[in-house]
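Spelled out from the first residue to the last, the chains are:
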Amino acid sequence: MEYAGHEGSRRRIILEMEDICFSYDSVSRKSVILQNVNLTAYASEICAIVGPSGCGKTTLIKLAISILPLSVGSIKLFGRDAGDPLIGIPGPNVGYMPQEDALPSDLRVRDSLYFFGLLNNMSIGDIRKRIDEVLEQVDLVESSQQFIFQLSGGMKRRLSLAISLLHSPQLLILDEPTVGCDPLLRTRIWKVLKDMSRQNGTCILITTHYYEECREADSINFMRENIFALQASPKKVLEMTATNNMDQAFLKICINGGLSLSATGKQKYIPTRDVHLNQRKVDSFEKIRSIKHHDFLPFKIIAVLFIRYVHAFMFEFINVLFIFSLPTVIVIINHFCASFRIVDVPIGLLIENQTSPHDKRFLDSLSIEPKCLECLHPGHFADYMDPEIFRTVHYSDLHTAMEDLKKVKINGVVHIGDQFEEYYVQRVASLWTGIEENVVRKTKVTFYGDPTNELVFRGLETFLTNAYGKFWKASRVNLGLRNASIFPFDYEDPMIGQTRDDISHKSYFTDIGELLSNVNMLTMAVSGFSMLKELKDKTMKRYLSIGIKSHHFFVAQLIVNALFLGLSSIGGMLTTIYLLDLPLEGSFSSTSLLLIGQVMVGTVIGQIFAIFLFSEVSIMILIVSLGYFLNGPCGLVITLETQPYYLEIVRYLSPFTIPGQGVRNALVKGFTLSNSIVFKGLIVLVIHFIIATSVALAALSRRINT
């Protein structure tokens, strides 16, 4: 479609907007942004939209390229309705420079141009050729190997413009391209735009609130209070307002509400449209000489974004090493620092003088010929106390020992009474039948501990019980008794798992739980930070104009994070198993599947944190707080059996409780997906992943479109 101008020239229409209305619905009121707006932009011309901040300029151009949905009015691009896939908008036929720099700060200047060239479906050869041209145009040749975060504000604006020019679009839309630029840089940018419009026939639509610089445009559209107050050429605007600069002209327009010419030739102040054109429509439309179809398949988009995010992930290699090693390091540190195997604990030992010798008549009545009666003396009890665990301090009276315990010089007192040996032989030699209560009481070993240190207190109780059991069995051997295993309690080989130094519960449960907890927290942190960086860089603003949807880069980030963090979790599991000698009795494939599932759920949760929160500090506070929930009610570190019943509903709503149980069962019990616990863990992860992904996509789409 073409129009004939007032001088008889014919100009090809690129963009035509008629009766555009737009509003954002809010809880309290309906905010009107645009009201009955009309705009026409032509090939080989620069169309400037001028107005104060907040008047609707950005909303108008987002509607023009279908970033925002149109509800009232009509938009045509290249003679076709907006949204027609043949137009290539959103896509390669438009170059869009948002208000923000919207640049990936971790890329070099040249690499960023390669990246956006690939997203615009350009060939490698075309990208190389155009990179040199646009870098020359914006005077960034010497800075092409610098990282974007090293550039000054003006250099970033020029790079942002270069990205918009790279793929030679037929429609170029620039939102406040000169904001924050000095006069020299503004002049340079306008020169580039004028050369491009004249030489390439590009239609350039530019928004600005710098009125005076619009003298360089072919048409000016003064916008105020959601409508156009005047649309005319710069020369015509100055003539009609009887001013010699654009600032004064706009001031006059604002005061009078609009400006046009009456039939008598006198100035008349009303809102108007295209007063400098006496135009008529013609039926013919010259076909756009080279529409670039956006046949870029989604998997290609995701592949390019995947490479981009892999680069971002590897940008600081030290971070990669940190991510891969952190879960393992924490588990190893906790294993040795928070184990039930306490080391070198000072403990008092008080053995009172034994009052009676052994009763030989009693031994003869049982036909017992002792091998070593002296070995039954309670002084030998200390021989069975592990010297790596206990540092024995001998005392002669109980009062002194208890005073040292109160002063925390020792961690406990072991007291053996003066009649221990006299009754001990009788008790050991019996078969636990017909033993008088007095005998039992006299052969007890009394322990006074310090329960304010729960870990040491319970550990000492356990190891003292073990020492008593060893002393008991040795005593029966020394008495010459055949059965050396008669003891009130026996530790048999377990049906599942392996015992190791009587602390298998620590290795099986806590170490694996800590690994799971650390992996989940690290996953949420890394994915949250990477998504937040993307949101802060605001590169998504460019993605939308290219035709990339929110779910494209969401999926790309999910794949990259799941890949790296999944490998980290599996590597951490294997490293922990071999370094700490944990058992690997189960299905490695089932365990890995559950770990990767937890990583994917954690990744999506981290992305949700980034969408709703606005700083790294807020994300970290939330993740650390969630870490206590993971370790406690979720049962990763603190067993579920010790928790009150009213936490049951809360913990089973978590995506990590049942899967965590499944990982343990698959790892140390040999269970596979056919086992109900492992299978339930996988189902829970799938359900939470679907729910979290739905929430994340909806929230992400809403955030980047507002």
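Everything below is about the structure shown above.
Numbers given to residues run from 1 along each chain, matching the order in which its sequence is written. Two thresholds apply to this predicted model, a pLDDT of at least 70 for residue-level local features and 80 or more for giving and counting side-chain atom pairs, whereas whole-chain, interface and lining totals are computed over all residues. Values reported for side chains reflect all heavy atoms of the structure, with hydrogen atoms and water molecules removed beforehand.

Each pocket or cavity is described by its volume, and for the largest pocket that value is around 860 Å³. In terms of lining, the largest pocket is formed by 36 residues, of which the most central are Ile 323, Ala 525, Val 526, Phe 529 and Ser 530. Strands are runs of DSSP state E lasting at least two residues, helices are runs of H or I lasting at least four, and both sets are numbered from the N terminus onward. Of all the secondary-structure elements, those providing two or more residues to the lining of the largest pocket are helix 8 (298-314), helix 9 (317-337), helix 15 (504-537), helix 17 (550-580) and helix 19 (616-631). The greatest single-element share of the lining of the largest pocket, amounting to eleven residues, is contributed by helix 15. When residues are sorted by character, Ala, Val, Leu, Ile, Met, Phe, Trp, Tyr, Cys and Pro go into the nonpolar class, Asp, Glu, Lys and Arg into the charged class, and all the rest, Gly among them, into the polar class. Considering only residue class, the lining of the largest pocket consists of 20 nonpolar, nine polar and seven charged. Both cavities and pockets are sets of points on a 1 Å grid over the protein atoms alone; in a cavity a 1.4 Å probe fits but cannot get out, in a pocket the set is open with protein on both sides within 12 Å along at least five of seven lines, and lining residues sit with an atom within 4 Å of a point. Grid points are joined across faces, edges and corners, and a volume is the space filled by probe spheres set on the points.

On to the sheet that holds strand 9 (residues 203-208), then. Pairs of strands are assigned from DSSP output, requiring at least two bridges between the strands. The six strands are arranged 7-8-9-4-10-11 in an open sheet whose pairing can be described as mixed. The open sheet is flanked by strand 7 (94-97) and strand 11 (227-232), the only strands paired with a single partner. Going from strand to strand, the sheet's axes swing by 15 degrees on average, the running direction of each strand aside. Bridging between strand 8 (residues 171-175) and strand 9 involves five bridges; their strand directions are parallel. Pairing of Leu 174 across the sheet is with Ile 206, part of strand 9. Working rule for contacts: check all heavy atoms of both residues, and any pair within 4.5 Å makes them a contact. Only C-alpha atoms enter the line fits that serve as axes; for helices the fit covers just the stretch in contact. Angles between N-to-C directions range over 0 to 180 degrees. Against the sheet, helix 6 (residues 234-241) engages strand 10 (219-224) and strand 11, with an angle of about 105 degrees to strand 11.

The four strands lie next to each other as 15-14-16-17, forming an open sheet whose pairing is mixed. Only two strands of the sheet have a single partner each, and these edge strands are strand 15 (390-395) and strand 17 (445-449). Here the average twist between neighbouring strands, direction ignored, is 25 degrees. Bridging between strand 16 (residues 412-416) and strand 17 involves five bridges; their strand directions are antiparallel. Within the sheet, the bridge partner assigned to Val 413 lies in strand 17 and is Tyr 448.

Turning our eyes to something else, we now look at the pairing of strand 5 (residues 72-77). Sheet analysis places strand 5 next to strand 6 (residues 80-81), joined by two bridges and oriented antiparallel. Within the sheet, the bridge partner assigned to Leu 77 lies in strand 6 and is Arg 80. Between strand 5 and strand 6, which pair antiparallel and follow one another directly, the connecting turn spans two residues, one of which, Phe 78, has a positive phi of 55 degrees.

Bringing empty space enclosed by the protein into the picture now. Per the counting criterion, the structure on display carries three cavities of 30 Å³ or more. Roughly 80 Å³ of volume is contained in the largest cavity. Considering the residues around the largest cavity, the lining is formed by Gly 91, Val 94, Gly 95, Tyr 96, Phe 116, Asn 120, Ile 163, Ser 164, His 167, Arg 542, Ser 545 and Ile 546. At the level of secondary structure, the elements contributing two or more residues to the lining of the largest cavity comprise strand 7, helix 4 (153-165) and helix 16 (540-546). Partitioned by chemical class, the residues of the lining of the largest cavity number five nonpolar, six polar and one charged.

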